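Chains, contacts and geometry: an overview
Now for the letters of each chain:
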Amino acid sequence: MGRLSPSFFARDTLAVARDLLGQRLVRIVNGRRLSGRIVEAEAYVGEDDLACHASRGRTRRTEVMYGPPGHAYIYFIYGMYHCLNVVTEAEGFPAAVLVRALEPEEGIADMWAYRGCQDERELTSGPGKLCMALQIDRRLNGIDLCDHGELFLEEGEPIAPHRIATSTRIGIRVPGWAAEAPWRVYVADSPFVSGAPRRATHRAMR
DNA sequence: TATACGATCACCT
DNA sequence: GGTGATCGTATAC
């Protein structure tokens, strides 16, 4: 399987978010492959987007988002969870896609152990959950996903456009348009998106 | 140095 | 529907 290349990520962030649906996130742990197809993602775009961590400028934390596309921006949140993003757009412009949910494929037995849950839909149906299931933490912050041995992205089958829906981003409470921007994309009929099962409230993309 | 809070989750009613 | 856990980060003193 081919890996996604830097040119895939050096594009408009919303386009990257949409095109990441169906691609395979792969993590190697103890020589074993843990993987799943991406079914939910969110775009965070530049300093003008108040929901984006870079809205407060360039700091040690946000440094990676200003760097080259295709690198991993991994942050620690709520004292106990990690979230995985992929840096997008040209180097120097801070933007990234948050990977919010996967459909588990390989290494599911290992994911059970790392997650300690009973329902397969709970393994990777949220940004914090998928980082637990795939043993992703800040030690991997800043790595190049296009050239790394233990965390990378492989080409998967594309998702048909009529299966893709959009919504506002989850957990965003900021003033202005950022809270209303429909920059979450997900596979509408997947049981593995966060919060599923849910009623479809947003129309599919054209 | 001190403090408030978050791109979440699990468990409660 | 609601809330506590738990700590790095940004920001204020």
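Above: the structure in question.
This text gives an overview of the structure that appears in the document. Computed from a predicted structure; not experimentally measured.

**As for the protein's contact with DNA strand C**
- As a structural note, the neighbourhood of DNA strand C is formed by R56, T59, R61, F76, Y78, G79, M80 and R138.
- Considering the 4 Å shell around the protein, atoms of DNA strand C inside it are sugar or phosphate in 74% of instances.
- Between DNA strand C and T59 there is a distance of 2.5 Å, counted from a phosphate oxygen to a side-chain nitrogen or oxygen.
- Between DNA strand C and R138, the relevant distance is 3.3 Å, taken from a sugar or linking oxygen to a side-chain nitrogen or oxygen of the residue.
- Of the residues assigned to the surface near DNA strand C, the class counts are three nonpolar, two polar and three charged.

**A word on the pattern of salt bridges**
- What the rule picks out here adds up to 17 salt bridges.
- Between E105 and R24 there is a salt bridge, and its shortest N-O distance comes to 2.6 Å. Taken together, the positions of E105 in strand β5 (residues 95–106) and R24 in strand β1 (residues 24–29) put the pair 81 residues apart, joining distant regions of the chain.
- Here R163 and D189 are joined by a salt bridge, their closest N and O atoms 3.0 Å apart. Placement of R163 in the loop between β6 (151–154) and β7 (164–167) and of D189 in the segment after β8 (184–187) is noted, with a sequence separation of 26 residues between them.

**Comments concerning the protein's contact with DNA strand B**
- As a matter of local geometry, DNA strand B sits amid 21 residues, with Y75, Y81, N85, R115 and G128 nearest to it.
- Counting only the atoms of DNA strand B that lie within 4 Å of the protein, the sugar and phosphate share comes to 49%.
- Between N85 and DNA strand B, the recorded distance is 2.5 Å, taken from a side-chain N or O atom to a base nitrogen.
- One of the backbone nitrogen or oxygen atoms of G128 is found 2.8 Å away from a phosphate oxygen of DNA strand B.
- Taken together, the elements giving at least two residues each to the surface near DNA strand B come down to β3 (72–77), β4 (81–87), β5 and α4 (127–133).
- The element best represented in the surface near DNA strand B is α4, accounting for three residues.

**Some points on the packing of aromatic side chains**
- Tallied over the full model, the rule gives three aromatic pairs.
- Look at Y73 and Y75: their rings are 5.5 Å apart centre to centre, the planes differ by 35°, and that puts the pair in the tilted class. Accessibility classification places Y73 together with Y75 in one group, the buried group.
- Arranged with centres 5.7 Å apart and planes meeting at 70°, the rings of W177 and W183 form a pair that is edge-to-face.

**Brief notes about the nonpolar core**
- If you look at the biggest cluster of nonpolar residues, it comprises 47 residues, and the most contacted ones within it are F9, L20, L25, L84, I136 and L153.
- For this core, the element with the most residues is strand β2 (residues 32–45), which contributes six residues.
- Beyond its immediate chain neighbours, meaning those up to four positions away, L20 contacts L4, F8, F9, I38, V97 and L153.
- In terms of nonpolar packing, the next biggest core, distinct from the first, is built from 16 residues, C83, V87, L98 and A179 among them.

Parameters at a glance
Residues numbered from 1 in each chain as written. Chains lettered and ligands numbered in written order. Predicted model: local features only at pLDDT ≥ 70, side-chain atom pairs only at ≥ 80, totals over all residues. Heavy atoms only, no water. Near = heavy atom within 4 Å. Polar contact = N/O pair within 3.5 Å; in protein donor to acceptor, adjacent residues only side chain to side chain. Nonpolar A, V, L, I, M, F, W, Y, C, P; charged D, E, K, R; others polar. Salt bridge = Lys/Arg side-chain N within 4 Å of Asp/Glu carboxyl O. Helix = DSSP H or I, 4+ residues; strand = E, 2+ residues; numbered from the N terminus. Phe/Tyr/Trp six-rings, centres within 6.5 Å; stacked < 30°, edge-to-face > 60°. Buried < 20%, exposed > 50% of the residue type's maximum accessible area, 1.4 Å probe, protein only. Core = buried A, V, L, I, M, F, W, Y, C linked by side-chain atoms within 4.5 Å. Contact = heavy atoms within 4.5 Å.

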